[in-house]
Amino acid sequence: MTTRFVARYGRWVFAAATVAALGVVFTAVKLPAGWLIAGMVGAAVTAILFRRQLNPPAKAMAAAQGVIGVVAVEPLTKLTGSDLMHFAGCAAFSISITLGLSVVFGILLARFAPYLGVATANLSLIAGGASTISSMARELGADERYVALSQYLRLTIVVLTMPIVLSHLGDSDPTPRLVGAHDHWHVSGLLALAALVFAGGKLAKRVRMPAPYLLGPLVVAMVVAIAHPSLDLLMNPATVVTNVAYVVIGWQAGGGFAVDVLRRFVKLIPLTLLFIAMTIASCFLVAVAVSHWAGVSLADAYLATTPGGIYGVLAIANEVHSGPIVVTLQVLRLVTMVLAAGMIPKIIGWLSRRQGVLTHRGHRTTR
């Protein structure tokens, strides 16, 4: 009986204990979004030690995304029409540069590792919407395991290095907090949050919105907060609720690092890390430009332009009280990247075929 229990639930118990211990330590040292990082590290360690992926239940992941979406609404309630116009140019600039770099880096990766294929190389380096891109990989003719490994490896590196980077970039823009986590339980607030997350997610999924369980509750919460500002307290998650959501979000990223996946692509990991480093470095340069353009702190600009990891980024942004530019640019980029994901491999494939035709014609002319 005991042996059967250990075999069936041992890794879950180990993961829970590891996450809890790390969460307590990270909270004690005041690490931003410490429970998010605890979930990520704990799940990754468990997946590697037990040689099996450790993914959270789909319903738990959907609920966690919804909580993150609701929490992210607060900065958006401060936006004015002039702010939106001001951020529109920054968004267009940063998204186009990031998308262009994703395509260029994908082409280079396909050249260095031709056995990956054009679709796999490009999807693996799209900076944004890791979970959505990974789920789309198979239907777009790509190797979903490598795409997921590359996407979540970049997400993990971004989130794990975020506290260190932010500590060297200075404080975020000071903004008064209207909605945020607290330490008191309110049954009405929890019920309102649950209803909002459920309804927003279902509605967004029905209209086929990208990342529906994140963006659906975010949009609905923003409409409610603008229409009835007095109701913002009903959507004010207790600290323990947001921490649980952080753990699940981190768990999803870290739990994908199973030994068989790492072993299969072990030869590609150095090359993958190189392109991840290039992506992060280029996005940091974009952040410098956005900081000067939008007149926001470099910390907020970096959070707004990080290459992926929107759930973790929004969680950390909430912890450090970032301004509305972070949510605005991250959400716009997520939508853009997901919409572009299906087109990029087709465009690159068309260019490759065209180049092949031109090369063939050149050889015939030479003859």
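Residues numbered from 1 in each chain as written. Predicted model: local features only at pLDDT ≥ 70, side-chain atom pairs only at ≥ 80, totals over all residues. Heavy atoms only, no water.

Colleague: I'm lost on the overall build of the chain in this one. Help?
Modeller: Of the regular secondary structure elements, the chain holds 17 helices and zero strands. Of the contacts formed within the chain by residues at least 6 apart in sequence, a portion of 77% connects residues at least 24 apart. Carbon together with sulfur atoms contributes 68% to the accessible area of the chain, which is approximately 17,400 Å² in total. (Helix = DSSP H or I, 4+ residues; strand = E, 2+ residues; numbered from the N terminus. Contact = heavy atoms within 4.5 Å. Areas by Shrake-Rupley, 256 points an atom, 1.4 Å probe, with all protein chains shown as cover.)

Colleague: Explanation requested: a nonpolar patch on the surface in the structure shown.
Modeller: On the surface, Phe14, Val45, Leu49 and Phe50 cluster together to form a nonpolar patch covering roughly 330 Å² of accessible area. With three residues, helix H2 (residues 34–50) is the single largest residue contributor to the nonpolar patch. Within the secondary structure, Val45 is located in helix H2. (Patch = residues over 30% accessible without salt bridge, like charges linked within 9 Å, V, L, I, M, F, W, Y side chains within 5 Å. Salt bridge = Lys/Arg side-chain N within 4 Å of Asp/Glu carboxyl O.)

Colleague: I tried to follow the packing of helix H13 (residues 269–294) against helix H14 (residues 298–305) on my own but got confused; where do I start?
Modeller: Pairs of packed helices are described in terms of their axes, by the angle between the two and the distance that separates them. One can describe the packing of H13 onto H14 by two numbers: an axis separation of 8 Å at closest approach and a directional angle of 130 degrees. Taken as axis vectors, H13 and H14 run oblique relative to one another. H14 is crossed by H13, and the crossing has right-handed handedness. Contacts between H13 and H14 involve Ile280, Cys283, Phe284, Val286, Ala287, Val288, Val290 and Ser291 from the former and Leu298, Ala301, Tyr302 and Thr305 from the latter. The class makeup of the residues in the contact of H13 with H14 is ten nonpolar, two polar and no charged. (Axes fitted to C-alpha atoms, helices over the stretch in contact; angles between N-to-C directions. Parallel < 35°, antiparallel > 145°, perpendicular 65-115°, else oblique. Left-handed = near helix turned anticlockwise from the far one by under 90°. Nonpolar A, V, L, I, M, F, W, Y, C, P; charged D, E, K, R; others polar.)

Colleague: Help me out: how do you make sense of the layout of surface pockets in this one?
Modeller: One water molecule sets the probe size; rolling that probe over the atoms shows where empty space is left. Empty space within the second largest pocket amounts to approximately 390 Å³. Lining the second largest pocket are 19 residues, and of these Lys59, Ala62, Ala63, Ala64 and Val197 lie nearest its centre. Considered class by class, the residues forming the lining of the second largest pocket number 15 nonpolar, one polar and three charged. (1 Å grid on protein atoms, 1.4 Å probe; cavity = no way out; pocket = protein on both sides within 12 Å on 5 of 7 lines; lining within 4 Å. Points joined across faces, edges and corners; volume = space filled by probe spheres on them.)

Colleague: I'm lost on the packing of aromatic side chains in this one. Help?
Modeller: Ring pairs (aromatic) are described by centroid distance and by the angle formed between their planes. Scanning the entire structure with this criterion turns up seven aromatic pairs. Arranged with centres 5.7 Å apart and planes meeting at 50 degrees, the rings of Phe14 and Phe50 form a pair that is tilted. Of the two residues, Phe14 sits in helix H1 (residues 2–28) while Phe50 sits in helix H2, which places them 36 residues apart along the sequence. With a relative accessible area of 33%, Phe14 lands in the partly exposed category. Centre to centre, the rings of Phe105 and Phe275 are 6.2 Å apart; their planes meet at 70 degrees, and the pair counts as edge-to-face. With Phe105 in helix H5 (residues 81–112) and Phe275 in helix H13, this pair connects stretches of sequence that are 170 residues apart. We classify Phe105 as buried; its relative accessible area is 8%. Taken together, the ring pairs in this structure connect Phe105, Phe112 and Phe275 into an aromatic cluster. (Phe/Tyr/Trp six-rings, centres within 6.5 Å; stacked < 30°, edge-to-face > 60°. Buried < 20%, exposed > 50% of the residue type's maximum accessible area, 1.4 Å probe, protein only.)

Colleague: Is there a simple way to think about the side chain of Thr156 in this case?
Modeller: Along the chain, the position of Thr156 falls in helix H8 (residues 144–169). Judged by its relative accessible area of 12%, Thr156 is buried. Ignoring anything within four residues of it in the chain, the contact list for Thr156 reads Met40, Ala253 and Phe257.

Colleague: Explanation requested: the nonpolar core in the structure shown.
Modeller: Taken as a class, soluble globular proteins show a tendency for nonpolar side chains to be buried jointly. Judged by nonpolar contacts, the single largest core of 89 residues is most densely connected at Leu109, Met162, Leu214, Leu303, Ile316 and Ile325. When neighbours within four sequence positions are excluded, Leu109 is seen to be in contact with Leu116, Ala121, Ser124, Leu125, Tyr146, Leu271 and Phe275. In terms of nonpolar packing, the next biggest core, distinct from the first, is built from eight residues, Leu123, Ile133, Ala137 and Ala142 among them. (Core = buried A, V, L, I, M, F, W, Y, C linked by side-chain atoms within 4.5 Å.)

Any functional reading would require information beyond the geometric quantities listed.
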